[in-house]
Amino acid sequence: MPAIIAALPVIIDLIARLAPGFQHLITWVMAVRPVLQQDGAWTPELQEAFLQSLIKTKTDPAYQPD
Amino acid sequence: MKKFALSSIVVAVLVWVSGCAQLRPGQDPLVVRAEQVEATAKGTFDLVLNIDHSDRGFWRTNAPAFHSFCEWLRQPQIVWVTNVLPRASAMIANLDNVKQDYVWARQGSNVLITALVVLQSASTEAGGWAQVVTNNNANR
């Protein structure tokens, strides 16, 4: 099982190359995968990193209105 | 369309292979659930906003409801008293604030569950739009 999990990024990269339109979907899977494996509350470091990722959206072009 | 079906199956298998972890003893399931919803919502909002941003003109013309939803997610909102964040991030930050208050026992679990349901419903709507537009996109 750990070998399969370790190979996931390579497999996902291959899928992205085969179907370029789905790169956003694959990014979503990569973002959600750790959620499935979460077995406890976030550490203070993870909490801080998550809040920083929210703050970064302030300057993210995809988050800017028309 | 075949590519989409194949990719969907592969994605589902990858999620299944990853598996779900059990909570460690002593962890509050409500806090963990709130964090899972926050992380999932962040990923889902990133997904739809990036899809829309990749060709805003196309989506504005061909899927105006989707583009309007994305614009709604982008509207600036005040959080943490003095900060301004896009609504997508502000909703997540709001749940995080309520979660912190719950952890420090300043709020009851009902308030946390209410905030969680609000974010979950927005995230589910975004997920629904992602499903719709990736299907349409596959047929372009």
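What you see is a predicted model, and the numbers here were worked out from it, not measured in a lab.

What counts as what
Residues numbered from 1 in each chain as written. Chains lettered and ligands numbered in written order. Predicted model: local features only at pLDDT ≥ 70, side-chain atom pairs only at ≥ 80, totals over all residues. Core = buried A, V, L, I, M, F, W, Y, C linked by C-beta atoms within 7 Å. Buried ≥ 20, exposed ≤ 12 C-beta atoms within 10 Å, placed from the backbone. Helix = DSSP H or I, 4+ residues; strand = E, 2+ residues; numbered from the N terminus. Contact = placed C-beta atoms within 7 Å. Axes fitted to C-alpha atoms, helices over the stretch in contact; angles between N-to-C directions. Parallel < 35°, antiparallel > 145°, perpendicular 65-115°, else oblique. Nonpolar A, V, L, I, M, F, W, Y, C, P; charged D, E, K, R; others polar.

Glancing now at the nonpolar core. With 38 residues, the main nonpolar core has B:V48, B:L49, B:L95 and B:L119 as its most contacted residues. Counting only elements with at least two residues in this core, the list comes to α2 (23-36) of chain A together with α2 (29-54), α4 (64-74), α5 (87-103) and α6 (109-138) of chain B. What B:L119 contacts, discounting residues up to four positions off in sequence, is B:V37, B:A41, B:M91, B:I92 and B:L95.

With that out of the way, let us pick up unusual backbone geometry. Residue and element names in this part refer to chain B. Phi angles above zero are rare outside glycine, and W80 is one such case at about 45°. For W80, the position within the fold is in the loop between β1 (76-79) and β2 (83-86). Overall, the presence of 14 C-beta atoms within 10 Å leaves W80 in the partly exposed class. Backbone geometry places V81, a non-glycine residue, at a positive phi of 70°.

Here the focus is the packing of α2(B) against α5(B). Residues and elements named next belong to chain B. Orientation of α2 relative to α5, taken along the N-to-C sense of each, is 170°, at an axis distance of 10 Å. The angle between the axes of α2 and α5 places the two elements in the roughly antiparallel class. Taking contact as the criterion, the partners of V31, A34, V37, E38, A41, K42, F45 and L49 in α2 are, on α5, A88, I92, L95, D96, K99 and V103. Per-class residue counts for the contact of α2 with α5 are ten nonpolar, no polar and four charged.

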